[in-house]
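The chain contents come next:
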Amino acid sequence: MGEIPLAYRGLVQAVKADECLTVQAAVTRSRDVAVQALLAHPLVGDIDIAAPMLDEMLAAHDLNYK
């Protein structure tokens, strides 16, 4: 594929950080890491959005993260 153009590199890195943190949160069942994952995502990035969104997702899937 070649080098990612500079204009897109930050976006790609942010999404990759979100993906890595999401996997880490799922494996460890860590709510703090799950919030970090949402904060890393370019379409979320706001604690006032991320925390309630996470709570809703965890409740919808009957998951208990500590």
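These numbers come from a predicted model, not from an experiment.

> Give a description of the environment of Ala-37 that names residues and reports values.
Mapped onto the fold, Ala-37 is located in helix H2 (residues 31-40). Classification of Ala-37 by relative accessible area gives buried; the value is 3%. Sequence-wise, Ala-37 and Tyr-65 are 28 residues apart; in three dimensions their C-alpha atoms are separated by 14 Å. With residues up to four places along the chain from it excluded, the contact list for Ala-37 reads Asp-18, Leu-21 and Thr-22.

> Tell me what's going on with a nonpolar patch on the surface, and back it up with residues and numbers.
A contiguous nonpolar surface patch, about 230 Å² in accessible area, is contributed by Ile-49, Met-53 and Met-57. In this fold, Met-57 is placed in helix H3 (residues 47-60). For Met-57, a relative accessible area of 37% puts it in the partly exposed group.

> Break down H3 for me, with residues and values.
Because each turn of an α-helix spans 3.6 residues, side chains separated by three or four positions in sequence point in the same direction. For H3, spanning 14 residues, the distance from its first C-alpha to its last is 20 Å, which sits close to the expected 20 Å at 1.5 Å a residue. Burial in H3 covers these residues: Ala-50, Ala-51, Leu-54 and Leu-58. Along the axis of H3, the buried residues cluster in a sector spanning 95 degrees; they form a single face. Facing away from the buried side of H3 by more than 90 degrees, the exposed set consists of Asp-48, Glu-56, Ala-59 and Ala-60. Buried residues belonging to H3 abut H2. The opening residue of H3 is Asp-46, an N-cap whose side-chain oxygen sits 2.8 Å from the backbone nitrogen of Asp-48. Downstream of H3 by one or two residues, Asp-62 has phi in the positive range, about 50 degrees.

> Let's hear about the UniProt feature "domain: Glycosyl hydrolase family 4 C-terminal" (unreviewed entry) in the chain: which residues, and what values?
Within this numbering scheme, the UniProt entry marks residues 1-44 as carrying the feature "domain: Glycosyl hydrolase family 4 C-terminal" (unreviewed entry). The span residues 1-44 is 75% helical and 0% strand by assignment, and the distance between its end C-alpha atoms comes to 28 Å.

What counts, and at which threshold
Residues numbered from 1 in each chain as written. Predicted model: local features only at pLDDT ≥ 70, side-chain atom pairs only at ≥ 80, totals over all residues. Heavy atoms only, no water. Helix = DSSP H or I, 4+ residues; strand = E, 2+ residues; numbered from the N terminus. Buried < 20%, exposed > 50% of the residue type's maximum accessible area, 1.4 Å probe, protein only. Contact = heavy atoms within 4.5 Å. Patch = residues over 30% accessible without salt bridge, like charges linked within 9 Å, V, L, I, M, F, W, Y side chains within 5 Å. Areas by Shrake-Rupley, 256 points an atom, 1.4 Å probe, with all protein chains shown as cover. Salt bridge = Lys/Arg side-chain N within 4 Å of Asp/Glu carboxyl O. Expected span 1.5 Å × (residues − 1). Arc of directions from axis to C-beta. Polar contact = N/O pair within 3.5 Å; in protein donor to acceptor, adjacent residues only side chain to side chain. UniProt positions renumbered as here; feature names shortened; annotations may be inferred.

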